[in-house]
Amino acid sequence: SQQGEEDPQALSIQEGENATMNCSYKTSINNLQWYRQNSGRGLVHLILIRSNEREKHSGRLRVTLDTSKKSSSLLITASRAADTASYFCATSPGSEKLVFGKGTKLTVNP
Amino acid sequence: EPEVTQTPSHQVTQMGQEVILRCVPISNHLYFYWYRQILGQKVEFLVSFYNNEISEKSEIFDDQFSVERPDGSNFTLKIRSTKLEDSAMYFCASRGEQRSTMRNTFGSGTRLTVV
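Along each chain, the written sequence defines residue order, and numbers are assigned to residues from 1. Here every chain gets a letter starting at A, and every ligand a number starting at 1, in the order they are written. Restriction of local features to residues with pLDDT of at least 70 applies here, the model being predicted, together with a cutoff of 80 or more for giving and counting side-chain atom pairs; totals for whole chains, interfaces and linings are based on all residues. Each side-chain value is derived from all of the structure's non-hydrogen atoms; neither hydrogens nor water enter the calculation.

## Let's talk about the sheet that holds strand S7 (residues 61–66) of chain A
Residue and element names in this part refer to chain A. For two strands to be treated as a pair, DSSP must find at least two bridges joining them. Put simply, DSSP marks the helices as runs of H or I at least four residues long and the strands as runs of E at least two long, and each gets a number from the N terminus on. Strand order in the open sheet formed by 5 strands is S1-S3-S8-S7-S6, and the pairing between neighbours is antiparallel. Only two strands of the sheet have a single partner each, and these edge strands are strand S1 (5–7) and strand S6 (55–58). The sheet shows a mean angle of 20 degrees between the axes of neighbouring strands, direction not considered. With 6 bridges joining them, strand S3 (residues 19–24) and strand S8 (residues 71–76) adopt antiparallel strand pairing. Throughout, an axis means a line fitted to C-alpha atoms (over the contacting stretch in the case of helices), and angles, computed between N-to-C directions, take values from 0 to 180 degrees.

## Considering the nonpolar core
Core analysis: the largest hydrophobic core is formed by 22 residues, its most contacted members being B:Trp34, B:Leu46, B:Phe61, B:Val67, B:Phe75, B:Leu77 and B:Tyr90. The set of elements that each furnish at least two residues to this core consists of strand S3 (19–24), strand S4 (31–37), strand S5 (43–50), strand S7 (65–68), strand S8 (75–79), strand S9 (88–95) and strand S11 (110–114) of chain B. Contacts are assigned to residue pairs with any non-hydrogen atoms lying within 4.5 Å of each other. Those residues in contact with B:Val67, other than ones at most four positions away along the chain, are B:Trp34, B:Val47, B:Phe49, B:Ile54, B:Phe61, B:Phe75, B:Thr76 and B:Leu77. Side-chain atoms within 4.5 Å are what join buried Ala, Val, Leu, Ile, Met, Phe, Trp, Tyr and Cys residues into a set we call a nonpolar core. Residue exposure (1.4 Å probe, protein chains only): buried if accessible area is under 20% of the type maximum, exposed if over 50%, otherwise partly exposed. Grouped together as the second largest cluster of nonpolar side chains are 21 residues, A:Ile13, A:Trp34, A:Ile47 and A:Ile49 included.

## Quick notes on the sheet that holds strand S1 (residues 5–7) of chain B
Residues and elements named next belong to chain B. One open sheet holds the 4 strands; their spatial order is S1-S3-S8-S7, and the pairing between them is antiparallel. Looking at which strands have only one partner, the edges of the open sheet turn out to be S1 and S7. Here the strands of the sheet are splayed against their neighbours by 20 degrees on average, with no regard to which way each runs.

## So, the pairing of strand S5 (residues 43–50) of chain A
All names here are of chain A. Most of S5 sits out of view: 6 of its 8 residues are buried. Note that strand S4 (residues 31–37) and S5 share 7 bridges and pair antiparallel. Opposite Arg36, over in S5, you have Val44 as the bridge partner. Connecting S4 to the next strand, S5, in antiparallel fashion are 5 residues, including Gly40 with a positive phi near 70 degrees.

## Brief notes about the interface of chain A and chain B
Counting residues at the interface gives 25 residues for chain A, matched by 23 residues for chain B. Here the buried area means the combined drop in accessible surface, using a 1.4 Å probe, for two parts upon being joined, counting both sides. Broken down residue by residue, the surface that chain A buries against chain B is led by A:Leu43, A:Glu96 and A:Phe100, which jointly contribute 33%. For salt bridges, the criterion is a side-chain nitrogen of Lys or Arg within 4 Å of an Asp or Glu carboxyl oxygen. Taken together, the connections running from chain A to chain B amount to 0 salt bridges. Counted as a polar contact is a pair of N or O atoms within 3.5 Å, where, for protein atoms, one must be capable of donating a hydrogen and the other of accepting one, and residues adjacent in sequence contribute only when both atoms are in side chains. Taken together, the connections running from chain A to chain B amount to 4 residue pairs in polar contact (both at pLDDT 80 or more). Among the elements of the structure, S4 and S5 of chain A are those that each provide at least two residues to the side of chain A that touches chain B. In the scheme used here, Gly and all other residues not listed as nonpolar or charged are polar, with Ala, Val, Leu, Ile, Met, Phe, Trp, Tyr, Cys and Pro taken as nonpolar and Asp, Glu, Lys and Arg as charged. Here the side of chain A that touches chain B is built from residues that sort into 6 nonpolar, 13 polar and 6 charged.

## A look at the pattern of salt bridges
Residue and element names in this part refer to chain A. If you walk through the whole model with that rule in mind, you get 5 salt bridges over all chains. Here Asp83 makes a salt bridge to Arg60, at a shortest N to O gap of 2.9 Å. Within this pair, whereas Asp83 is found in the loop between S8 and strand S9 (85–91), its partner Arg60 is found in the loop between S6 and S7, the two being separated by 23 residues in sequence. Owing to a relative accessible area of 7%, Asp83 belongs among the buried residues under this scheme.

Structural data, given as structure tokens:
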């Protein structure tokens, strides 16, 4: 898979359920970031996890990072219809640029 | 919370015309970036800019593209002669000094349509 590859590509759940999205990457990283994008809109930063961190929380978000497996997961608990969006992981593979995955399109049904 | 501001939000231009996309990064940030997202595709890195010069650029960022920080607050992306395939959402981003801890803050984007 390419650097910053998310799965699943699409996820549809009911309001109140948890949503888990995964990201895999190939090279070593300084940090990994998760972004949300509402349809046709800008990128909103959700959370950054550094390479020496294993887990991080922010409100209803929980991010894990496993550098040995080169993977990360984003968990959204107690989802709401307003969480409907595309979610991207982005890695910084030792240079200035961020490398984004194709994203997971999350639909939360009321 | 400080924001990255992009103008215009939408731009329609004819093929072959020059366009300038404008960004005002967060005031104490030092690193500036342009990314683009063709409809339905990944967000792709174009260029990074630090200390008044390009620090990294992608293969997409060819001679038709240029960036400038003309007055210490604005950061612009110029496309000299637009092509149909330049139609995309263009995002500006900025960040502070420490790569390991500082997130990139993105603007809300300029949707460029080349006709």
